[in-house]
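# A look at the structure
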There are 2 protein chains.
Amino acid sequence: MRSGMVSIKEVAEEAGVSTATVSRVLSSSDHVRPELRQRVMEAVEKLQYRPNLVARSLRSQQSNTIGLIVSDIRNPFFTSISRAVEDSAYKQGFSVLLCNTDEDPEKEKIYLQLMRDTNVAGVIFSPTRQIMSDLASLPFDFPMVIVDRSVPDVDVDTVLLDNVESAYRLTSHLISNGFRRIGALFGETSTTGIQRQRGYEEALKAHGIPLVPEYIKHLQPRVEASYKIATSMLQLPHAPDALLTSNSLIMEGALQALRACNLSIPEDIALVGFDETPWTLLVQPAITIIAQPTDEIGKTAADLLFQRIAIPTRPTRQIILKGQLMVRGSSTPLHLKAM
Amino acid sequence: MRSGMVSIKEVAEEAGVSTATVSRVLSSSDHVRPELRQRVMEAVEKLQYRPNLVARSLRSQQSNTIGLIVSDIRNPFFTSISRAVEDSAYKQGFSVLLCNTDEDPEKEKIYLQLMRDTNVAGVIFSPTRQIMSDLASLPFDFPMVIVDRSVPDVDVDTVLLDNVESAYRLTSHLISNGFRRIGALFGETSTTGIQRQRGYEEALKAHGIPLVPEYIKHLQPRVEASYKIATSMLQLPHAPDALLTSNSLIMEGALQALRACNLSIPEDIALVGFDETPWTLLVQPAITIIAQPTDEIGKTAADLLFQRIAIPTRPTRQIILKGQLMVRGSSTPLHLKAM
DNA sequence: TTGTAGGCGTTATCAA
DNA sequence: TTGATAACGCCTACAA
């Protein structure tokens with residue numbers, strides 16, 4: 001169809017050699033007489049020939065594309081991950097197919113099938129909890145790396161944050177700053193939320209603070225859902241004196257809720273969460289968070305994937321990266337509060 | 001290579017028909033005896049057959065992939081665009097190849113070549129100014145839609161904001177609120193910056209306010225660059241009483257600079273810019289901006305592209321969408337300032 | 001060292 | 001209505 005479509009055959013004719021010779025010159029490996037090599041390269045130049053990657057992929061049964069399947073690229077965590085992945089891929093000569101699942105298992109399945117049908121070299125995937133039980137039986141026969149979420153009982157490369165530990169530290173930080181009634185909003189679709197809840201609960205227990213069911217909520221990781229649930233939690237008879245949120249979208253909704261209720265931070269209520277975003281430092285007070293090393297997570301995931309593509313039988317690895325507690329004004333100790 | 005790789009040939013054998021018949025059943029167009037159709041569908045089901053899209057693409061000379069080439073997916077504007085594009089693509093059965101160019105003309109060329117080599121159905125592209133002169137001579141023979149930036153002298157579908165007009169309105173808003181010394185930070189890599197500068201200058205002229213060269217800066221659209229240049233502008237003998245920024249990254253850097261200089265907004269200085277981000281409403285005071293309809297821009301670009309893919313000879317269109325001025329606290333009138 | 005030829009999995013043409 | 005068969009563009013035994 002394409003006008004400028006010039007194939008290896010035409011190059012061969014132009015150079016007066018066979019297509020095999022052209023192919024050899026291009027793969028640059030084999031022995032080709034310098035003179036012929038020269039002729040071929042001139043023909044390539046003259047005709048502006050570029051190998052058709054589709055044909056190459058069909059023939060070689062592999063491709064230079066990897067898939068990146070996340071819930072929503074607009075989640076700053078995934079935005080950053082995707083950039084890091086794309087960078088690594090670019091350096092390796094790969095390109096990235098971007099897929100948003102909206103935490104919808106159906107879309108996840110569809111995209112996994114697409115990855116198979118399209119013969120990608122591999123996939124970096126952040127799955128919902130629902131899909132995971134099916135994961136073993138699903139038709140993914142390509143290399144895969146899981147990011148951000150853990151998949152128990154499946155032998156697969158994984159890059160994770162130390163979620164339990166990070167949530168524990170974040171919660172302990174609040175407690176040691178004098179906060180006791182710590183409301184917590186967790187995403188309900190991922191294992192990450194569960195793990196962070198565990199860290200939160202362990203920290204409370206370790207400090208002898210009872211769990212209050214009304215202070216623990218699970219929700220879709222969306223701004224609106226979070227706004228709504230945070231607002232209702234703020235209207236409890238014994239409203240929390242601190243809010244812990246398990247990702248930046250939930251934090252955004254919670255902050256909107258605090259603003260709408262005219263509460264000052266941290267005088268009326270503290271706010272902490274996960275993920276560095278442009279705004280955690282821009283709002284006043286700045287927000288105390290666990291910063292995830294998103295660049296490194298993305299880069300590590302890509303590295304793992306390329307290693308597995310290179311050596312499919314390689315033993316799988318689970319890499320756990322540490323989050324960093326960034327203490328800021330939103331969780332200033334009670335005794336420092338204005339009276 | 002793949003274990004589960006089952007081809008049309010095996011389906012044909014299983015069903016006791018030819019591959020042609022299987023193909024016909026799958027493309028569902030041709031006339032096939034119901035009984036055979038049934039047998040084929042059973043075989044497909046039994047073998048879990050899925051067509052190999054690479055082979056299909058090679059044969060049909062078209063693909064179900066589109067390219068999205070932007071400067072940086074982490075720019076909230078492009079984050080949002082990419083999500084909208086992916087949504088539209090998904091609905092049309094296409095998937096999206098994501099490319100970050102970092103405003104680097106070399107990377108732009110490489111990615112455009114990749115798009116050609118990979119035989120994508122089309123490309124949505126946000127080009128630098130540098131690449132545009134080459135654009136006509138570059139080997140892009142695929143359908144293309146330009147977003148966010150204008151390409152003069154090239155006949156190509158385009159989706160744009162009314163940049164001149166929007167910047168004019170934003171500047172006029174500042175002026176009518178009593179601000180006179182309006183510093184402005186524009187991105188230097190895109191036509192967008194230039195157009196917004198024009199709107200800014202026209203507004204000043206229309207109100208009889210002289211242009212001050214020191215108040216006009218061009219920079220890489222990055223937070224750090226913006227922070228640096230904003231800081232130096234704030235240290236001018238006659239520092240600006242308002243800052244206009246041409247995208248959200250520049251606005252972010254400028255806001256950091258204001259914070260670092262301990263200036264209050266809008267008492268000491270006003271701040272306005274382009275693009276809705278999570279934080280324009282979360283910081284206090286909220287930031288006055290021109291909101292771009294990113295969802296619509298992305299959707300429109302995708303629509304244009306699919307239409308062009310369907311009818312390559314279709315006359316090109318330039319679609320200009322209107323930005324919306326969102327007046328907020330960061331540009332409150334001078335006479336309302338605390339004295 | 002070079003060329004011929006077959007096949008990757010599809011679809012489309014042409015006979016039957 | 002169905003089935004051989006020939007491409008799509010590339011790579012790679014194998015033969016020369």
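Starting from 1, residues in each chain are numbered consecutively following that chain's sequence as written. Note on labels: chains are lettered from A, ligands numbered from 1, in written order. In keeping with the model being predicted, local features are shown solely for residues with a pLDDT of at least 70 and side-chain atom pairs are shown and tallied solely at 80 or more, while totals for entire chains, interfaces and linings include all residues. As a rule here, side-chain values cover all heavy atoms of the structure and leave hydrogens and water aside.

## Here's the deal with the protein's contact with DNA strand D
As a reminder, the rule being used: Throughout, near means a residue has at least one heavy atom within 4 Å of the molecule or strand. For this analysis, a polar contact is any N or O atom pair within 3.5 Å, provided that within protein one partner can donate a hydrogen and the other can accept it, and provided that sequence-adjacent residues contribute only side-chain to side-chain pairs. To qualify as a helix, a DSSP run of H or I must reach at least 4 residues; to qualify as a strand, a run of E must reach at least 2; elements of each kind are numbered from the N terminus.
Close to DNA strand D lie 24 residues, the nearest being Ile8, Tyr49 and Arg59 of chain A together with Thr21 and Arg24 of chain B. Backbone sugar and phosphate groups make up 67% of those atoms of DNA strand D lying within 4 Å of the protein. A distance of 3.3 Å separates a phosphate oxygen of DNA strand D from a polar side-chain atom of serine 23 of chain A. Residue arginine 59 of chain B places a side-chain N or O atom 3.1 Å away from a base nitrogen belonging to DNA strand D. Those elements that place two or more of their residues in the surface near DNA strand D are helix H2 (19–27) and helix H4 (53–60) of chain A together with helix H2 (19–27) and helix H4 (53–60) of chain B.

## What about the nonpolar core?
So the rule is basically this: By nonpolar core we mean a set of buried residues, namely Ala, Val, Leu, Ile, Met, Phe, Trp, Tyr and Cys, connected to one another through side-chain atoms within 4.5 Å. Between buried and exposed lies partly exposed: a residue is buried under 20% and exposed over 50% of the maximum accessible area for its type, with that area taken using a 1.4 Å probe on protein chains only.
Grouped together as the largest cluster of nonpolar side chains are 48 residues, with contacts concentrated most on Ile66, Ile124 and Val159 of chain A together with Ile66, Ile124 and Val159 of chain B. Counting residues in hydrophobic clusters, the runner-up holds 42 residues, among them Ile250 of chain A together with Ile269, Leu271 and Leu282 of chain B.

## Structural notes on the environment of arginine 317 of chain A
Residue and element names in this part refer to chain A. Definition in use: Residue contacts are counted whenever heavy atoms from the two residues lie within 4.5 Å of one another.
Locating arginine 317 in the fold gives a position in the loop between helix H12 (294–310) and strand E11 (318–321). Overall, the relative accessible area of 40% leaves arginine 317 in the partly exposed class. A sequence separation of 140 residues divides arginine 317 from asparagine 177, and the C-alpha atoms of the two residues are 37 Å apart. Here arginine 317 is in contact with Val156, Asp157, Thr158, Leu304 and Gln307, once residues within four sequence places are set aside.

## As for the relation of the copies chain A and chain B
The condition is simple: Here the copies are superposed with least squares, the fitted atoms being C-alpha atoms of residues at a pLDDT of at least 70 in both.
When chain A is fitted to chain B, the best match, at an RMSD of 0.1 Å, comes from turning it 180° and sliding it 0.0 Å along the axis. Taken together, the rotation and translation describe the operation of a two-fold axis. A share of 98% of interface residues in chain A that are also interface residues in chain B marks the association as one of identical surfaces.

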